[in-house]
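# An overview of the molecular structure
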Amino acid sequence: MDIKTIIDKYKAYRDKRIAKKGPNTFKRSVTRSAGGDVGIFIILGIVAVIMVLPMVYAIVQSLKPLDELWVFPPRFFVVNPTLKNFTDLFRLMGSSWVPFSRYIFNTVLISVVGTLGNVIFSSYAAYAIAKIKFPGRKFLFSIIVYSLMFNATVTSITNFITMSLLGWVDTYLAIIVPAFCTTFGLYLMKQFMETNVTDAVLESARLEGANENLIFWKIAMPMVKPAWITLLMLSFQGLWNTGANMYIYSEQLKTFNYAISQIVTAGVARWNSSRRGWTQWW
Amino acid sequence: MAKEKAIIRSDISRFRWTLLEMKKNWVGYLMVMPFFLLFFIFTVVPVVLSIMLSFTTFNMLELPQFVQMDNYIRLILDDDIFLIAIKNTMIFAAITGPGSYLLSLFFAWFINELRPKIRAIVTLFFYAPSISGNIYLIFTILFNGDQYGIVNAYAMKFGFISKPILFFADKNWIPTLVIVVALWTSLGSSFLMFIAGFQGINQELYEAGAVDGVRNRWQELWFITLPTMRPQLMLGAILAITQSFGFGAVITALAGFPSPDYCAHTIMHHLEDYGGTRFEMGYASAIATILFFMMIGANLLVNKVLRKVGS
């Protein structure tokens, strides 16, 4: 079957669907050639496989018994899948003096609180900068842009001093509170507030006497839903990956990711357990 | 409302105008306050302090001593490795920056053509490499230097090579591999943001465009979609710049630190070296400041290019 027949078949299929369900079924079919559609599907398919293959390999590795991990020549797929690595991981985790569940609790707490705070703080500030014309907003915004470009290694000393002045060293606050004010969050929300929220709607709401807080929650936020969902995901995921942190000493306050990395570094004896660990936290 | 309108800008001095505006829009300050309070404490103050530190020598034990421009002079005239680092960083940034930006944009655009349910699944596929913090470590196993590495094993089986290649110890291979892995993980936050951006575009614009004579998807992209998404394009560019210049962890994980012959030594590594290992914080701050200005320069350049979009 050559490419031409595929395109023709797809075109027939597309026309049939458009006839059945109306022109909105396939978006704006006037500007879309069938050949282009097929080309995009093929490219997407190939690249999706490239993207996913290493991940599949990680999962397959986690199912391999130890003797299969070191077979020559290496096989991509597993012959005798086993869950032993998983049980090993839990046994190993269970034997550490801080219970495994504590690490998970820490990670969940940090991720949930940090993410909510980040979305709310950033959205409020973004709404004000994009839609309320107060003097100084352009200046504040340019500070944001440039600070994104400064490296965190050297600012960490100052941050450590700040944390100890605040008395936050070795508490959850040291991780959670700085997560509230990410540059990325504000920038993302601000850009979407600019494109998606129309001034006319805001003006009419203001004339009706709605206060800015109400407008923010009832009008602006629903209009930028794709943006805050994105921020929610990215922020949660970023915090979920919180590993060892210079502000945290107590073992009880450390995160799941930290615990896993301890096992990964424990070496080849735990090679496959650690592979399981990787698979687990995404 | 009518009374407020009566005061127009030319009637009063600039200063009084600003004051009036400030009073009228006080809610704005209230809304940005929580964010900026934290932001100043945790970001702006540290950045300003470390720029100041870059004019001193500071070993974290004694008080900083002012040495004027010595750190910068030493960096540029005396530090051979720093020059290698600058060269490598420029090369990496020039390839991975535009590379990851265009990849994110085009794949987001392609995916946006799909139907919603399929779109969600494909998005997950593409985003998957960025979800896990260090899943790229799997590449050390794929490209393992001995015959147990998948790539070596298959290349030997089919007779391309006769003995295994030490991929991550060979300075001819490291830069290429590191760039490939970086691009593989690069469909990250800007990719998701572009997808959100495509979805936020008002569909009526496309209908109007079709009436006005937009005939194919490329015209639609160039004349309607991209100009509408300009704010997101700007943010994507900044993210690409910070990502591609601040590219260190991936290299360290794959090629080690320092990498063989400094072949993949970037400014980030140099910074880690002086800041994290030798505790020469003044010197490290000077490196960070130079990196900072390089990124600002790149940003200005990119903004110039982006202004041409849709014209």
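Residues numbered from 1 in each chain as written. Chains lettered and ligands numbered in written order. Predicted model: local features only at pLDDT ≥ 70, side-chain atom pairs only at ≥ 80, totals over all residues.

## Describing the overall build of chain B
Broken down by element type, chain B carries 16 helices and 2 strands. Here the C-alpha atoms of chain B give a radius of gyration of 25 Å, more than 25% beyond the 19 Å that 2.2 N^0.38 yields for 311 residues. Projecting the C-alpha coordinates of chain B onto the three principal axes gives extents of approximately 85 × 65 × 30 Å. Here chain B holds 311 residues, and 38% of them are scored as buried. Considering only intrachain contacts with a sequence separation of at least 6, the fraction spanning at least 24 residues in chain B is 69%. (Helix = DSSP H or I, 4+ residues; strand = E, 2+ residues; numbered from the N terminus. Rg over C-alpha atoms; globule rule 2.2 N^0.38 Å. Buried ≥ 20, exposed ≤ 12 C-beta atoms within 10 Å, placed from the backbone. Contact = placed C-beta atoms within 7 Å.)

## Digging into the overall build of chain A
Looking only at helices and strands, chain A features 14 helices and 0 strands. When the helices and strands of chain A are listed from N to C terminus, the series reads α-α-α-α-α-α-α-α-α-α-α-α-α-α. A buried classification covers 35% of the 282 residues belonging to chain A. A sequence separation of at least 24 residues applies to 72% of the contacts in chain A between residues at least 6 apart.

## Some words on the confidence of the model for chain A
Residues and elements named next belong to chain A. Within chain A, residue pLDDT values average 77, and 78% of them lie at 70 or more. Ranking the elements of chain A by mean pLDDT puts helix H14 (residues 271–280) last with 49 and helix H5 (residues 100–131) first with 89. Low pLDDT, under 50, characterises residues 267–272; the stretch is placed with 8 contacts to residues that sit more than four places away or in other chains. Low pLDDT, under 50, characterises residues 276–282; the predicted model gives this stretch 21 contacts beyond four residues in sequence or across chains. (pLDDT = per-residue confidence, 0-100.)

## Concerning the interface of chain B and chain A
Each side of the interface is counted separately: chain B has 76 residues, and chain A has 75 residues. It is helix H3 (residues 26–53) of chain B that provides the largest number of residues to the side of chain B that touches chain A, a total of 19 residues. In the side of chain B that touches chain A, the residues fall into 50 nonpolar, 19 polar and 7 charged. (Nonpolar A, V, L, I, M, F, W, Y, C, P; charged D, E, K, R; others polar.)

## Quick look at the domain arrangement of chain B
What the domain assignment reports for chain B is domain 1 (1–53) and domain 2 (69–306). Relative placement of domain 1 of chain B and domain 2 of chain B: their C-alpha centres are 36 Å apart. (Domains from an automatic or database assignment.)

## Here we look at unusual backbone geometry
For residues that are not glycine, phi is negative in most cases, and the peptide bond is trans in most cases. In this structure, A:Asp170 takes a positive phi of about 65° despite not being glycine. Given 15 C-beta atoms within 10 Å, A:Asp170 falls into the partly exposed group.

## Considering the packing of helix H5 (residues 80–112) of chain B against helix H9 (residues 174–184) of chain B
All names here are of chain B. Relative to each other, H5 and H9 sit at 30°, their axes nearing to 10 Å. Taken together, H5 and H9 sit at an angle that is classed as roughly parallel. Where H5 crosses over H9, the two elements pack in a sense that is right-handed. The residues of H9 that touch H5, namely those facing Phe92, Ile95, Thr96, Gly99, Ser100 and Leu103, are Ile179, Ala182 and Leu183. Grouping the amino acids of the contact of H5 with H9 by side-chain chemistry returns 6 nonpolar, 3 polar and no charged. (Axes fitted to C-alpha atoms, helices over the stretch in contact; angles between N-to-C directions. Parallel < 35°, antiparallel > 145°, perpendicular 65-115°, else oblique. Left-handed = near helix turned anticlockwise from the far one by under 90°.)

## A word on the packing of H5(A) against helix H8 (residues 173–180) of chain A
Residues and elements named next belong to chain A. H8 packs onto H5 with a crossing angle of 25° between their chain directions and a minimal axis gap of 7 Å. What the angle tells us is that H5 and H8 run roughly parallel. Both H5 and H8 take part in a crossing whose hand is right-handed. Only Ile175, Ile176, Ala179 and Phe180 of H8 make contact with H5, whose side of the interface consists of Ile110, Val113, Gly114, Gly117, Asn118 and Phe121. A class-by-class count of the residues in the contact of H5 with H8 yields 7 nonpolar, 3 polar and no charged.

## Here's the deal with helix H10 (residues 189–199) of chain B
Of all 11 residues that make up H10(B), 10 are buried, and the element is covered over most of its length. All buried positions along H10(B) are accounted for by B:Ser189, B:Ser190, B:Phe191, B:Leu192, B:Met193, B:Phe194, B:Ile195, B:Ala196, B:Gly197 and B:Phe198.

## Side note on the confidence of the model for chain B
Residues and elements named next belong to chain B. A residue-level look at chain B finds 91% of positions with pLDDT of 70 or above and a mean pLDDT of 80. Mean pLDDT values over the elements of chain B span from 48, in helix H1 (residues 2–6), up to 88, in H5. Per the prediction output, this complex has pTM 0.76; the corresponding ipTM is 0.73.

## So, the environment of B:Arg278
Residues and elements named next belong to chain B. Mapping arginine 278 onto the fold places it in the loop between helix H15 (267–277) and helix H16 (281–306). Under the C-beta neighbour-count criterion, arginine 278 is labelled exposed, with 12 such atoms within 10 Å. C-alpha of arginine 278 to C-alpha of glutamate 113: the two residues are 165 residues apart in sequence and 52 Å apart in space.

## Observations regarding the environment of B:Gly99
Mapped onto the secondary structure, B:Gly99 falls in helix H5. Judged by local crowding, B:Gly99 falls into the partly exposed class, with 16 C-beta atoms found within 10 Å.

## Examining the environment of A:Leu186
For A:Leu186, the location among the structural elements is in helix H9 (residues 183–196). Residue class for A:Leu186 comes out buried when judged on the 27 C-beta atoms lying within 10 Å of it. For A:Leu186 and A:Ala210, which are 24 residues apart along the polypeptide, the C-alpha to C-alpha distance reads 24 Å. The residues touching A:Leu186, leaving out its near neighbours within four places in the chain, are A:Ser122, A:Ala125, A:Ala126, A:Ile144 and B:Phe35.

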